[in-house]
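Observations on the three-dimensional arrangement
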Amino acid sequence: MLKYAFFNVYTKFKLHFYQEIFQRFQSREASLTTVETFCMESIQALGTPTINEFATFMRISPPNAAYKVNSLVKKGYIEKIQSPEDRREYHLKVTQKYIDYYDISNAYMVEVMDRIAHRFPPADCAKLEEMLTIISRELMPEVKIPEIGTSEK
């Protein structure tokens, strides 16, 4: 039953995000394609990757990654920042425009987490945090991203 409970929560997070995105499409505010949204979420999760790091993570060719990145730069969702160590290299940084777009998903997650904190005792919340940290660090080795909110990596 645990897998069904997790699947339901994961699906509800995704579907809430889709509802909000489609609502924006209706009012013509959204300008990211589905694939571009996946790219942006990956770039944001990776921190400030280079185009090659992004390509490697997404398992696509560097020219394909460069094409996608250039499209996102033109739309104003990414900036390319020249590396101070290797001036031939550029790091990808999400812009405030994307952060505002991403907050659609993030705001709901924060709302649900606040509900959890109010619904369950602190000891249960601490145990959930411990379990999620173990899941992220140990049970999902295929997806390596910088951890948010911790000093350990």
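Computed from a predicted structure; not experimentally measured.

**With respect to the side chain of His 16**
Considering the arrangement of structural elements, one finds His 16 in helix α1 (residues 2-26). Accessibility expressed as a relative area gives 17% for His 16, which makes it buried. Those residues in contact with His 16 that sit more than four places away from it in its chain are Ile 104 and Tyr 108.

**A look at a nonpolar patch on the surface**
Together, Met 109, Val 110, Met 113, Leu 128, Met 131, Leu 132, Ile 134, Ile 135, Leu 139 and Met 140 make up an exposed nonpolar region whose accessible area comes to about 800 Å². Contributing elements (two or more residues each) for the nonpolar patch: α5 (96-119) and α6 (122-138). Broken down by element, the residue count for the nonpolar patch peaks at 5 residues, all from α6. Secondary-structure assignment places Leu 139 in the segment after α6.

**Examining the packing of aromatic side chains**
If you walk through the whole model with that rule in mind, you get 2 aromatic pairs. A centroid spacing of 5.8 Å and a plane angle of 70° characterise the contact between Phe 13 and Tyr 108, whose relative ring orientation is edge-to-face. Of this pair, Phe 13 sits in helix α1 while Tyr 108 sits in helix α5, placing them 95 residues apart in sequence. Residue classification places Phe 13 among the partly exposed residues on the basis of a relative accessible area of 26%.

Rules and cut-offs
- Counting of residues starts from 1 at the beginning of each chain's written sequence and follows it residue by residue.
- For this predicted model, a pLDDT threshold of at least 70 governs which residues receive local features, and a threshold of 80 or more governs which side-chain atom pairs are given and counted, while totals over whole chains, interfaces and linings are taken from all residues.
- Just so you know, side-chain values use all the structure's heavy atoms and leave hydrogens and water out.
- Only DSSP runs of H or I covering at least 4 residues are called helices, and only runs of E covering at least 2 are called strands; the numbering of each starts at the N terminus.
- In this scheme, a residue with accessible area under 20% of its type's maximum is buried, one over 50% is exposed, and one in between is partly exposed, where area comes from a 1.4 Å probe on protein chains only.
- Every residue pair with non-hydrogen atoms within 4.5 Å of one another is taken to be in contact.
- Exposure above 30% relative accessible area and no salt bridge define the residues that can form patches, which grow by joining like charges within 9 Å and nonpolar side chains of Val, Leu, Ile, Met, Phe, Trp and Tyr within 5 Å.
- Only the protein chains shown count as cover for residues, and the accessible areas themselves come from Shrake-Rupley with a 1.4 Å probe.
- Note on definitions: salt bridges are taken to be side-chain nitrogens of Lys or Arg within 4 Å of carboxyl oxygens of Asp or Glu.
- Here a pair means two rings of Phe, Tyr or Trp (six-membered ring of Trp) with centres within 6.5 Å. Their orientation is stacked below 30 degrees between planes, edge-to-face above 60, and tilted elsewhere.

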